[in-house]
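# Fold and geometry: a report
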Amino acid sequence: MALLDHMAQTIDFFKDFYKPDREKTLFRLKESVDKALSFIEPAFRQQNITVEYDADPELWAQGYPKGFVQVLLIILTNARDAFRERTTANPRLAIKAFAEDKEAVVTITDNAGGIPDNTIGNVFDLYFTTREASGGTGIGLYMAKSIIEKHMEGRLGVANVEDGTQFRIEVNRSEKAPGA
């Protein structure tokens, strides 16, 4: 029954997900992160991926909420794949959503060993993939960067950190909730 319930939620999620947002709206970043996590959580559970999550529940952003969830899913799916390919012991993701000046920021940090220095500068290039053998197309991160930077006028970056990779998403923050 739990599997059927999740499948029904997945159908509902995608039924509305691919209808594009027509105009920018205010949305809570925490709700977007929650949606992305709820969708990918069964795969994380199957791979024993621990998620540390800290999000300001009153952090509002201006943009396209469905597009933002899509960006999160691309990054989270890539992290899941990196954990699997590298057979990371104790795979862990840290997700933080916070305000910084006029920006709403989400960071996603993994402990999957990082991206090789000779390729990290290309990960957002169209058709660039390190996963050709396993069916990677090189479209996901290109799309993610396009959604954040072209459509939401934000920034999407990547850097290697201590034992993994950190993606940083910055979008315009709203000081108040809709109707406030």
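This section reports on the structure supplied with the text. Keep in mind it's a predicted model, so treat the numbers as computed, not measured. (Residues numbered from 1 in each chain as written. Predicted model: local features only at pLDDT ≥ 70, side-chain atom pairs only at ≥ 80, totals over all residues. Heavy atoms only, no water.)

## A few points about the overall build of the protein chain
- Across its full length, the protein chain carries 4 helices and 7 strands.
- Walking the protein chain from its N terminus toward its C terminus, one meets helices and strands in the order α-β-α-β-β-α-β-β-α-β-β.
- Taken over 180 residues, the protein chain has a buried fraction of 40%.
- Nonlocal contacts in the protein chain, meaning residues at least 24 apart in sequence, comprise 72% of its contacts between residues at least 6 apart. (Helix = DSSP H or I, 4+ residues; strand = E, 2+ residues; numbered from the N terminus. Buried < 20%, exposed > 50% of the residue type's maximum accessible area, 1.4 Å probe, protein only. Contact = heavy atoms within 4.5 Å.)

## Considerations on the side chain of R80
- Examined against the element boundaries, R80 turns out to sit in helix α3 (residues 65-86).
- Reaching out from R80, the side chain makes a polar contact with the side chain of D81 at a distance of 2.9 Å.
- Beyond its immediate stretch of four places on either side in the chain, R80 contacts A43, F44, Q47 and I49. (Polar contact = N/O pair within 3.5 Å; in protein donor to acceptor, adjacent residues only side chain to side chain.)

## Some remarks on the environment of T25
- Summarising the element assignment, T25 is placed in strand β1 (residues 25-28).
- Taking the C-alpha atoms as reference points, T25 and A61, separated by 36 residues in sequence, lie 8.1 Å from one another.
- Once residues lying within four places of it in the same chain are set aside, the contact partners of T25 are A61, Q62, G63 and P65.

## Concerning unusual backbone geometry
- Unusually for a residue other than glycine, T87 sits at a positive phi of about 45 degrees.
- Among the secondary structure elements, T87 is positioned in the loop between α3 and β4 (92-100).
- Relative accessible area serves as the criterion here: at 67%, T87 is assigned to the exposed category.
- Positioned with a positive phi, E153 is a non-glycine residue whose angle comes to about 55 degrees.
- Position of E153 among the secondary structure elements: in the loop between α4 (140-151) and β6 (155-161).
- The exposed category is assigned to E153, whose relative accessible area is 53%.

## Remarks on the pattern of salt bridges
- Inspection of the entire model under this criterion finds 14 salt bridges.
- Across the salt bridge formed by E153 and K24, the nearest N and O atoms sit 3.5 Å from each other. One end of the pair, E153, is in the loop between α4 and β6; the other, K24, is in the loop between α1 (2-17) and β1, and 129 residues separate them in sequence.
- Through salt bridges with shared partners, a single network forms among E100, E103, R155, R168 and E170. (Salt bridge = Lys/Arg side-chain N within 4 Å of Asp/Glu carboxyl O.)

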